[in-house]
Structures are given as C-alpha cells and as structure tokens.
Amino acid sequence: MYKYKVETYKVNDAAEAMNALAAQGWRVIAVSPNVAFGFGIVATYEKKTDN
C-alpha cells in the first residue's frame, strides 16, 4: 500500500523541500506548473507503507 502527498512550492524553494522529503523516504512521482497562481510548481509524492 502507498501513501500520497501533494505539495506546492515557489520554484526557488522546491529543490530543498524535495530533498528533505526524499530523506524521509518520499519519492517524487509527478511535477507540474502551478497554473492556479501563475508561478511555482506542484509536486506529488508517494511512499510505501508497511501494510
């Protein structure tokens, strides 16, 4: 089973935040532009659970 998380970032802050979540076992599965605000990105993560 997997858990999913969706986060929004300013472009300049994305790499640091993605690396922090990767260290916790999260894997980036999708990245797309944040068209709602016209700037930034939306990243989707997945992490395998023990179940």
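As a reminder, the structure under discussion sits directly above these lines.
Reading the values: the criteria
- Residues numbered from 1 in each chain as written.
- Predicted model: local features only at pLDDT ≥ 70, side-chain atom pairs only at ≥ 80, totals over all residues.
- Heavy atoms only, no water.
- Helix = DSSP H or I, 4+ residues; strand = E, 2+ residues; numbered from the N terminus.
- Buried < 20%, exposed > 50% of the residue type's maximum accessible area, 1.4 Å probe, protein only.
- Contact = heavy atoms within 4.5 Å.
- Areas by Shrake-Rupley, 256 points an atom, 1.4 Å probe, with all protein chains shown as cover.
- Lys, Arg positive; Asp, Glu negative; His and termini not counted.
- Charge placed at Lys NZ, Arg CZ, Asp CG, Glu CD.

Q: Even after reading the chapter, I still don't get the overall build of the protein, so can you show me in this structure?
A: When helices and strands are tallied, the protein shows 1 helix and 3 strands. The order of helices and strands in the protein, counted from the N terminus, is β-α-β-β. The principal-axis extents of the C-alpha atoms in the protein amount to approximately 40 × 20 × 10 Å. Buried residues in the protein amount to 25% of all 51 residues. A separation of at least 24 residues holds for 52% of the contacts in the protein among residues at least 6 apart in sequence. Looking at the protein as shown, the accessible area adds up to about 3900 Å², and 54% of this sits on carbon and sulfur atoms. Positive and negative side-chain charges of the protein, numbering 6 and 5 respectively, have mean locations separated by a distance of 5 Å.

Fair warning: the whole summary comes from geometry, so function is off the table for now.
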